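Commentary on secondary and tertiary structure
Residues per chain are reported as follows:
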Amino acid sequence: MIRRILFVTAMLIAGLCATHAQSLMSDEQVAGYIASEIAKGTSQTKIVTDLFQKGVSTDQISRARKLLEAQRNTVATKPKIDRQRESDQHKETVKPLDVPYDSVNSISLQQYTALDSLEIASLENAPIKKIFGHDIFNLENLTFEPNINMPTPVNYILGAGDQVIVDVWGASQKTFDTTISPDGVIVIDEIGPIRLAGLTVEGAKAAIKKKLGQYYGDCSFNLSLGNIRTIQVQVVGEVKMPGSYSLSGLATTFNALYTAGGITETGTLRNIKVYRNNKVLTVVDVYDYLINGNTKSDVRLQDKDIIVVGTYDCLVKVSGQVKRPMYYEMRKEENVKQVITFSGGYANEAYTKNVRLIRKSGLEYSIHTIDEFEMGAFIVADGDEVEIDAINARYSNMVEVRGAVMHPGQFQLGNKIQSVGELIKAADGLREDAYNKRAIMHRQKDDLSLEMVSVDVQGILDGKVADVPLKKNDVLFIPSKNEMRGDWNINIVGEIIYPGKYPFAENSTIQDAILLAGGLTDAASLAQVDIYRRVVNRTTKQDRDKIAEHFAFSLNENYDIMSDTTFYLKPYDQVVIRRSPGYETQETVTINGCVNFAGSYVITKKDYRLSDLIRESGGFTSLAYTPGARLTRKLTFNEKIQRNNALRQAQSKLYEESYDSDKKFDLEKADSLLAIKMGLDDTYPLAIDLSKALSEPGGPHDIVLQKGDSLSIPQFSNIVKIKGEVAFPISMNYKKGEKLSYYIKHAGGYADKAVKRGIYIVYANGAVAKAEKGSRNTVQPGCEIIVPTKEISKKLTTAEIMSIGTGGASLAAIIISILNIIK
């Protein structure tokens, strides 16, 4: 079926390729390509597909195949006779596939055509049954090939194609290397033909001696076989690749079955018939080989033999406690005992007194309980399932001790152990942490329920109390004081190298706890170490306001308490090492652009200001434009929360009001919000007036810098940008003293939707201000003039919002833009 699918698929592909491509490869190139790909291990399907894609037709593939056959069968002239036989595996062929099947390097057919059972099951989309023995003919390392260099069997019958080597020695020395012709004869130079076909090796030797003895006097003669001929064998029925195969003359039935891809899921392994001359020669039972190692039925094949693999008669499933649970093929006369034998016998935990057999009976299933004496007589049927249960996890003479003994576990109830005292002694006695005032013993009653038996362990060991006799399945538990206390620990946190919980040990001090946790960090304070302790009162009947005790100590450099006090830690104490208020890590700010020494600078005091940074960086260069100086600051944790909350509110409102009267999603609003989200990062610009900051050091314009601040001093820019609702948004030179109208005019004037009274300007330092039409100082070098749109619902387009971001609008301006969009 698979071959037909592959062949039809190949023909369809070939038909498509033929309409679009024409092969540029010669037959020799195609043959060479096939040989090289087979040597690499490429599958036949991949080879054929690749050739079709290259424009090679099926006719050309057939011609290349014949060319490969011719090259393979060409016999090269050898200076000396090679008496080692060539593997006839190289000559195997299968007729049903009209695709390239062999190579110049002579690799075996199964290396590229045999699909294993898993692949076939996957292709056919069928469930996989694990049937005993079915994979024996699919294993790569088990080909059942005959040993080609073994001595020729005495019963081997010579035939056409056998290489015969005749040696003559004595008065004359000569060697004849010849092959039996299709007529059954060999031809000896100057002597003539000698018929050998149909003779055994011994018979052939006698015929050679008789014939050559007439021409060579006082000589001895010997006949040996070189390469064995190939025979043609038919393998049909339930095999994966039925067809006609060319095999070695020494091949057996198993070798032929392997070459045919093995047995299908419905094929039999117990009744494989070999026909010779239209008569059954033998019946092969593969199980006899697998179970008993008997190869008697694996007969040597002859030319024109036919191997027929029928369907199985009876398939039985074995599950449960056997060594090989799987499906087994059975003959109709075989019984349950033989099924269990095939499965390898019972497993260690199997219940062997009886087995359960499930059988289909008409429209329902029936269950048969078969005891150990009936198994040899109960005949199995197709579809039966034999189940072998496990024995119950019960003991006839077991007692157990758990808990605080030296060797807890299960023990034999018997002569040496019959009481609690003897059981504890067998467990090597109590552990040091054993709670010996009372032990607990669970005893199983007749109805399998449990009862509690109180045991005075110490009294029994001291001989003051009578020992308690044991019964089957008694479980004695000795409590542990340590386990009863729970997980005692101390917790040390704060400025410590390895903070965490550590096991509690009596007489531990603060110093011990600090050393146990790796010591203090550089930032740790010795001035105050806090200890918090649980309040424990097991006798009180009401709660209290005080839930923990607090102790505070100062330590010296050796971690000892400064005061003359001895303080020991208790279980569950929490030790807190505070951070020293005088410890600070170096924090930096950066300055770049038109200053003499750009780079990073460390904040040396808490009120480190703009003027301090300019002074330390060496002042401005000659190209610096101080009105355009911009300060960028990283968002604090609280500012990030505030920004994210604003974005979430904007998004929520967008989803609530994002549908117009026609219920269509407002893509422009969504696009604007997405653009804002993508444009934001963890920094924002601060509008500063650097000139005033330098003229009034320490004044309100001289901002105190924070960690991560970045000050940029740009070069002078004489460009003014006009954006938004103007006829032609442009960038143009700044002209001192000109009013706003001058720049609007050069941008082609206002557009139809322009809001003339809502014009605002983004300055080079990040500040945003509403434009004053009459003022000549409104427009400055490096600024951007934004003309908004009249429509309130679309007051700011995505481009306008992004221009605010690129122009350096503050975080507050961006949030306002979001709120305007969703109104």
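Residues numbered from 1 in each chain as written. Predicted model: local features only at pLDDT ≥ 70, side-chain atom pairs only at ≥ 80, totals over all residues. Heavy atoms only, no water.

1. What to know about the overall build of the chain
How we decide: Counting from the N terminus, the helices are the DSSP runs of H or I reaching at least four residues and the strands are the DSSP runs of E reaching at least two. Only protein chains enter the accessibility calculation, which uses a 1.4 Å probe; a residue is then buried when its area is under 20% of its type maximum, exposed when over 50%, and partly exposed in between. Only heavy atoms matter for contacts: two residues are in contact if any of them lie within 4.5 Å across the pair.
From N to C terminus, the chain includes 21 helices and 35 strands. Counting all 823 residues of the chain, 41% fall into the buried class. Considering only intrachain contacts with a sequence separation of at least 6, the fraction spanning at least 24 residues in the chain is 64%.

2. A few points about the packing of aromatic side chains
Note the threshold: Only centres within 6.5 Å qualify two rings of Phe, Tyr or Trp (six-membered ring in Trp) as a pair; their planes then separate them into stacked at under 30 degrees, edge-to-face at over 60, and tilted for everything else.
Using the criterion set out here, one finds 10 aromatic pairs in the structure. Ring centres of Phe132 and Tyr287 lie 5.2 Å apart, and the angle between their planes is 75°; this geometry places the pair in the edge-to-face category. With Phe132 in the loop between α6 (117-123) and β1 (163-170) and Tyr287 in helix α9 (residues 286-292), this pair connects stretches of sequence that are 155 residues apart. Note on accessibility: Phe132 and Tyr287 belong to one class, buried. Centre to centre, the rings of Phe553 and Phe567 are 4.8 Å apart; their planes meet at 50°, and the pair counts as tilted.

3. Some remarks on the sheet that holds strand β5 (residues 219-225)
Quick reminder of the rule: Here, a strand pair is defined by DSSP locating no fewer than two bridges between the strands. Every angle, taken between N-to-C directions, lies between 0 and 180 degrees, and every axis is a line fitted to C-alpha atoms, over only the stretch in contact when it is a helix.
With antiparallel pairing, the three strands of this open sheet are ordered in space as β2-β1-β5. Strands at the two margins of the open sheet, each flanked by one partner only, are β2 (174-179) and β5. Direction aside, neighbouring strands of the sheet carry axes that sit 15° apart on average. Alignment of β1 against β2, held across six bridges, turns out to be antiparallel. Across the sheet, the residue bridging to Val166 is Phe176, located in β2. Across the sheet, helix α7 (residues 201-212) touches β1 and β5, and the angle it forms with β5 is around 145°.

4. Looking at α7
Definition in use: In this scheme, a helix's expected span is set at 1.5 Å multiplied by one less than its residue total. Here, the arc refers to the directions that run from the helix axis to the C-beta atoms.
An ideal rise of 1.5 Å per residue puts 16 Å on 12 residues; α7 measures up with 16 Å between its terminal C-alpha atoms. Turning to α7, its buried residues number three or more, namely Val201, Ala204, Ile208 and Leu212. On an axial view of α7, the arc spanned by its buried residues comes to 60°, and they lie on one face. When the buried face of α7 is taken as reference, the exposed residues oriented beyond 90 degrees from it are Lys209 and Lys210. On its buried face, α7 sits against β1, β3 (185-188), β4 (192-195) and β5.

5. Side note on a positive patch on the surface
Definition in use: Each patch is assembled from residues with relative accessible area greater than 30% and no salt bridge, linking like charges that lie within 9 Å and nonpolar side chains (Val, Leu, Ile, Met, Phe, Trp, Tyr) that lie within 5 Å. Accessibility throughout is a Shrake-Rupley quantity obtained with a 1.4 Å probe, and a residue counts as covered only by protein chains that appear here. Basic side-chain nitrogens of Lys or Arg form a salt bridge, by our definition, when they fall within 4 Å of a carboxyl oxygen of Asp or Glu. Positive residues here are Lys and Arg, negative ones are Asp and Glu, while His and the chain termini are left out of the count. For charged residues, the charge sits on one atom: NZ in Lys, CZ in Arg, CG in Asp, CD in Glu.
A surface patch of like charges, here positive, comprises Lys756, Arg757, Lys770, Lys773 and Lys790. Locating Lys773 in the fold gives a position in the loop between β34 (768-770) and β35 (784-787).

6. Some thoughts on the side chain of Asp530
Our working definition: We define a polar contact as two N or O atoms separated by no more than 3.5 Å, with the added condition that, inside protein, one atom must be a possible hydrogen donor and the other a possible acceptor, whereas residues neighbouring each other in sequence contribute only through side-chain atom pairs.
Turning to its location among the elements, Asp530 is positioned in strand β23 (residues 524-534). A relative accessible area of 1% means that Asp530 is categorised as buried. Polar side-chain contacts of Asp530 include one of 2.7 Å to the side chain of Arg578. The residues contacting Asp530, other than those within four sequence positions of it, are His550, Phe551, Ala552, Gln574, Val575, Val576 and Arg578.

7. Some thoughts on the side chain of Arg276
Structurally, the position occupied by Arg276 is in strand β8 (residues 267-276). The exposure class of Arg276 is buried, given its relative accessible area of 18%. Polar side-chain contacts of Arg276 include one of 2.7 Å to the side chain of Asp305. Every residue in contact with Arg276, bar those within four places of it in the chain, is listed here: Leu281, Arg300, Leu301, Gln302 and Asp305.

8. Notes on the environment of Glu422
By the secondary structure assignment, Glu422 is in helix α11 (residues 420-426). Note on Glu422: relative accessible area 32%, which makes it partly exposed. Separated by 48 residues in the primary sequence, Glu422 and Leu470 place their C-alpha atoms 9.6 Å from one another. For Glu422, the residues in contact, after removing those within four places along its chain, are Lys416, Ile417 and Asp467. Engagement of the side chain of Glu422 in a polar contact is seen with the backbone nitrogen of Gln418, the distance being 2.6 Å.

9. Digging into the pattern of salt bridges
A full pass over the atoms with the stated rule returns 22 salt bridges. Where Asp305 meets Arg276, a salt bridge forms, and the shortest distance between an N and an O atom there is 2.7 Å. Here Asp305 is found in the loop between α9 and β10 (306-311), whereas its partner Arg276 is found in strand β8, with 29 residues between them in sequence.

10. Looking at the sheet that holds strand β31 (residues 719-724)
Taking strand neighbours across the sheet as the criterion, the five strands line up as β32-β31-β35-β33-β34 in an open arrangement whose pairing is mixed. With partners counted over all chains shown, the strands left at the sheet margins are β32 (730-733) and β34, one partner each. Averaged over all neighbouring strand pairs, the angle between strand axes comes to 25°, with direction disregarded.

11. Focus on the pairing of strand β18 (residues 439-444)
The two faces of a sheet get side chains in turn, since along a regular strand they alternate between them. The alternating pattern of β18 places Ala439, Met441 and Arg443 on a buried face, while none of Ile440, His442 and Gln444, on the opposite face, is buried. As paired elements, β18 and strand β19 (residues 450-455) share six bridges and run antiparallel to each other. Paired with Met441 across the two strands is Val453, which belongs to β19. Here three bridges tie β18 to strand β20 (residues 475-478), and the two strands are oriented antiparallel to one another. Residue His442 lies in a different strand from β20, and its bridge partner there is Val475.

12. Observations concerning the environment of Phe144
Looking at the element boundaries, Phe144 is found in the loop between α6 and β1. Judged by its relative accessible area of 15%, Phe144 is buried. Spatially, the C-alpha atoms of Phe144 and Phe254 are 6.0 Å apart, while their sequence positions differ by 110 residues. Filtering out sequence-adjacent residues up to four positions away, Phe144 remains in contact with Ile136, Phe137, Thr252, Phe254, Asn255, Tyr258 and Tyr289.

13. Focus: the nonpolar core
Where we set the bar: We define a nonpolar core as any set of buried Ala, Val, Leu, Ile, Met, Phe, Trp, Tyr and Cys residues linked to one another through side-chain atoms lying within 4.5 Å.
Counting 48 residues, the largest nonpolar core has Phe137, Val235, Leu257, Ile307 and Val336 as the members making the most contacts within it. Look past the residues within four positions of Val235 in its chain and what remains in contact with it is Pro242, Gly243, Tyr245, Ala256, Leu257, Ala260 and Ile307. One finds Tyr216, Phe221, Leu225 and Ile228 within the second-largest nonpolar core, a separate group that totals 23 residues.

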